[in-house]
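Analysis of the macromolecular model
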Amino acid sequence: MRVNAYAAPAAGQPLAPTTIERREVGPNDVLIAIEYAGICHSDIHTVNGDWGPQPFPVVPGHEIVGTVTEVGADVTTHRVGDRVGVGCMVNSCGQCPPCRGGDEQFCVNGTVFTYASEDRDGTHTQGGYSTHVVVDADFVLSVPENLDAAAAAPLLCAGITTYNPLRRWGAGPGKKVAVVGLGGLGHMAVKIAHAMGTEVTVLSQSLKKQEDGLRLGADHYYATSDPDTFSELAGRFDLIINTVSADIDVNAYLGLLTLDGAMVSVGAAPGPLAVNGFLLGARRILTGSMIGGIALTQEMLDFCGEHNIGADVEIISADQVNEAYERVLASDVRYRFVIDASTLA
Ligand code: NAP
Ligand code: ZN
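Quick notes on the rules
Residues numbered from 1 in each chain as written. Chains lettered and ligands numbered in written order. Predicted model: local features only at pLDDT ≥ 70, side-chain atom pairs only at ≥ 80, totals over all residues. Heavy atoms only, no water. Helix = DSSP H or I, 4+ residues; strand = E, 2+ residues; numbered from the N terminus. Buried < 20%, exposed > 50% of the residue type's maximum accessible area, 1.4 Å probe, protein only. Contact = heavy atoms within 4.5 Å. Areas by Shrake-Rupley, 256 points an atom, 1.4 Å probe, with all protein chains shown as cover. Lys, Arg positive; Asp, Glu negative; His and termini not counted. Charge placed at Lys NZ, Arg CZ, Asp CG, Glu CD. Phe/Tyr/Trp six-rings, centres within 6.5 Å; stacked < 30°, edge-to-face > 60°. UniProt positions renumbered as here; feature names shortened; annotations may be inferred. Donors = N, O, S within 2.8 Å, 3.2 Å for Na, K, Ca; no water. Domains from an automatic or database assignment. Buried area = accessible area lost by both parts, 1.4 Å probe. Salt bridge = Lys/Arg side-chain N within 4 Å of Asp/Glu carboxyl O. Axes fitted to C-alpha atoms, helices over the stretch in contact; angles between N-to-C directions. Parallel < 35°, antiparallel > 145°, perpendicular 65-115°, else oblique. Left-handed = near helix turned anticlockwise from the far one by under 90°. Near = heavy atom within 4 Å. Polar contact = N/O pair within 3.5 Å; in protein donor to acceptor, adjacent residues only side chain to side chain. Nonpolar A, V, L, I, M, F, W, Y, C, P; charged D, E, K, R; others polar.

The number of helices and strands found in the protein is 11 helices and 17 strands. Dimensions of the protein, computed from C-alpha atoms along their principal axes, come out at roughly 60 × 40 × 35 Å. Counting across all 345 residues of the protein, residues that qualify as buried make up 55%. Within the protein, counting contacts between residues at least 6 apart in sequence, those at least 24 apart form 66% of the total. Roughly 14200 Å² of accessible area belongs to the protein as shown, and the carbon and sulfur atoms make up 50% of that amount. Averaging the locations of the 21 positively and 40 negatively charged side chains of the protein gives two centres separated by 6 Å.

A few words on the packing of aromatic side chains. For the structure shown, the criterion picks out two aromatic pairs. An angle of 55 degrees between the planes, with centres 5.6 Å apart, marks the rings of Tyr163 and Phe303 as tilted. Note that Tyr163 is positioned in helix H4 (residues 158–168) and Phe303 in helix H10 (residues 294–306), a separation of 140 residues in sequence. With respect to class, Tyr163 is no different from Phe303; both count as buried.

Following the UniProt record, the feature "domain: Enoyl reductase (ER)" (unreviewed entry) maps to residues 12–339 here. End C-alpha atoms of residues 12–339 are separated by 20 Å, and the span's content is 25% helix alongside 25% strand.

This part takes up the coordination of the zinc ion (ligand 2). In a perfect tetrahedron of four donors around a metal, the angles come out at 109.5 degrees. In a perfect octahedron of six, they are 90 or 180 degrees. Bound to the zinc ion (ligand 2) on the protein side are Cys40 (SG), His62 (NE2) and Cys157 (SG), at distances that span 2.0 to 2.2 Å. Written as a sequence motif, the donor residues of the zinc ion (ligand 2) are C-x21-H-x94-C. You can see Cys40 sitting in the loop between strand S3 (29–38) and helix H1 (41–47) and its partner His62 sitting in the loop between H1 and strand S4 (64–71), a full 22 residues away along the chain. Relative accessible area serves as the criterion here: at 3%, Cys40 is assigned to the buried category.

Turning our eyes to something else, we now look at the domain arrangement of the protein. If you check the domain split of the protein, you get domain 1 (2–157 + 310–344) and domain 2 (159–288). Its C-alpha centre places domain 1 at a distance of 27 Å from the equivalent point of domain 2. Between domain 1 and domain 2, a total of about 1300 Å² is buried, with carbon and sulfur atoms accounting for 47% of that surface. For the domain 1 face of the interface with domain 2, the top three residues by lost area are Cys157, Asp312 and Tyr335, together amounting to 40%.

All right, on to H4 then. Burial of H4 is extensive: nine of the 11 residues sit out of reach of the surface. Among the residues of H4, Ala158, Gly159, Ile160, Thr161, Thr162, Tyr163, Asn164, Pro165 and Leu166 are the ones counted as buried. Looking one or two places after H4, you find Gly170, whose phi comes out positive at around 75 degrees.

As for its position among the elements, Ala8 is in the loop between strand S1 (2–7) and strand S2 (16–21). Along the backbone, Ala8 and Pro154 are 146 residues apart, and their C-alpha atoms lie at a distance of 21 Å. If near-sequence neighbours (up to four positions away) are discounted, Ala8 is found in contact with Gln13, Pro14, Leu15, Val47, Phe56, Pro57 and Val58.

A word on the pattern of salt bridges. Applying the stated rule across the entire model yields 12 salt bridges. Note that Asp29 and Arg23 form a salt bridge whose closest N and O atoms lie 2.9 Å from each other. In this structure, Arg327 engages Asp332 in a salt bridge whose closest nitrogen and oxygen atoms are separated by 3.0 Å. If you follow the salt bridges from partner to partner, you end up with Lys191, Asp212, Arg215, Asp312 and Arg334 in one network.

In a pair of packed helices, the angle between the axes and the distance between the axes together describe the arrangement. Direction vectors running N to C along H4 and helix H5 (residues 184–195) enclose 50 degrees, while the axes themselves pass 8 Å from each other. Taken as axis vectors, H4 and H5 run oblique relative to one another. Between H4 and H5 lies a crossing of right-handed hand. On the side of H4, the interface is formed by Ala158, Gly159, Thr161, Thr162, Tyr163 and Leu166, while H5 contributes Gly184, Leu185, Met188, Ala189, Ile192 and Ala193.

Here the focus is the site of ligand 1. For ligand 1, the set of nearby residues contains 29 residues, the closest of which are His41, Leu182, Ser204, Lys209 and Arg336. For ligand 1, an oxygen atom lies 2.7 Å from a polar atom in the side chain of His41. Between Val266 and ligand 1, the recorded distance is 3.0 Å, taken from a backbone N or O atom to a nitrogen atom. Mapped onto the shell around ligand 1, the elements with two or more residues apiece are H1 and H5. The element that contributes the greatest number of residues to the shell around ligand 1 is H1, accounting for three residues. A breakdown of the residues in the shell around ligand 1 according to their chemical character gives 13 nonpolar, 14 polar and two charged. Shared between two domains, the shell around ligand 1 holds at least three residues of each, these being domain 1 (2–157 + 310–344) and domain 2 (159–288).

Here it is, written out as structure tokens:
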């Protein structure tokens, strides 16, 4: 079927309306009428060419919420009318050790990502800035009905990307967690860590968003532009989640970790990191994390449903997407732009 979408025609070019082909619904496929699609900073990195050549035109969008309108003959997990979500990936081999271990995002035979990725049939995937999408049922998540659909969309990437390291590194009562950068990912990290019972500190470039940070669930808020922040908080945190989309001085943050503390970088910094061996020598851990597997994503959605957690969103029409990109790049987002897909119809 031919559907409306918004695509980047070439690297660094503004997105514009277009139409794309969605495949016929196969036996294990689900056809979803998209309601909302979040704008992740990764969409911007991709279309701006930060991550190398892409198969343009690219329709970005991997924070998708919608309603099932058709299912293939073999689908038993989703029914017409269900509210569902699709995140950053739409297929994997299902056989390799990471896939069997619930880490489909690390499929050794190649995860098929939601856009700009080669699909099993040789075509390139196109993402959620569109009216409809056809996805293998195994990669379609159930979205709790009590959550607002627009607020739930960002959970599919920003939510799972922050839930995963918080869960893996034991966030919860008695733990001190710092979140670096209060953007889309950062604000989800604050909400989720707070709901887990963690003592949360935001480390932002300035105090401009302090009131918001405390409202979202942070216990403390510091400006990283103030050098005193780094002396005052030295050795404080069990876990630091770095969500910054740019290079930061990793050593300054490593100094804030306690013995055996871990800094997890989820932000996609462009440059190589310079790491001070003495800081790591204090048994500090520096690692990364990428989204999360399908089972963990469903666990995160259920957790958010239970705790009534959605993103703070600004809903936009599709023709405002280029302006929204500019605002994300200027750190002027509170805290996720979400495209209303009905404006694409
Ligand atoms: P975002 O909404 O733009 O948030 C990033 C935040 O980083 C900004 O709000 C800002 O926070 C801070 N920041 C930006 N530029 C900075 C600079 N030069 N120095 C210091 N701080 C700066 O972006 P997002 O959608 O949350 O994504 C964040 C990053 O995570 C992106 O690189 C994205 O590609 C990546 N990502 C990774 C995964 C994964 O699986 N690992 C998944 C999704 C996204 P303050 O204003 O509070 O300082
Ligand atoms: Zn994303």
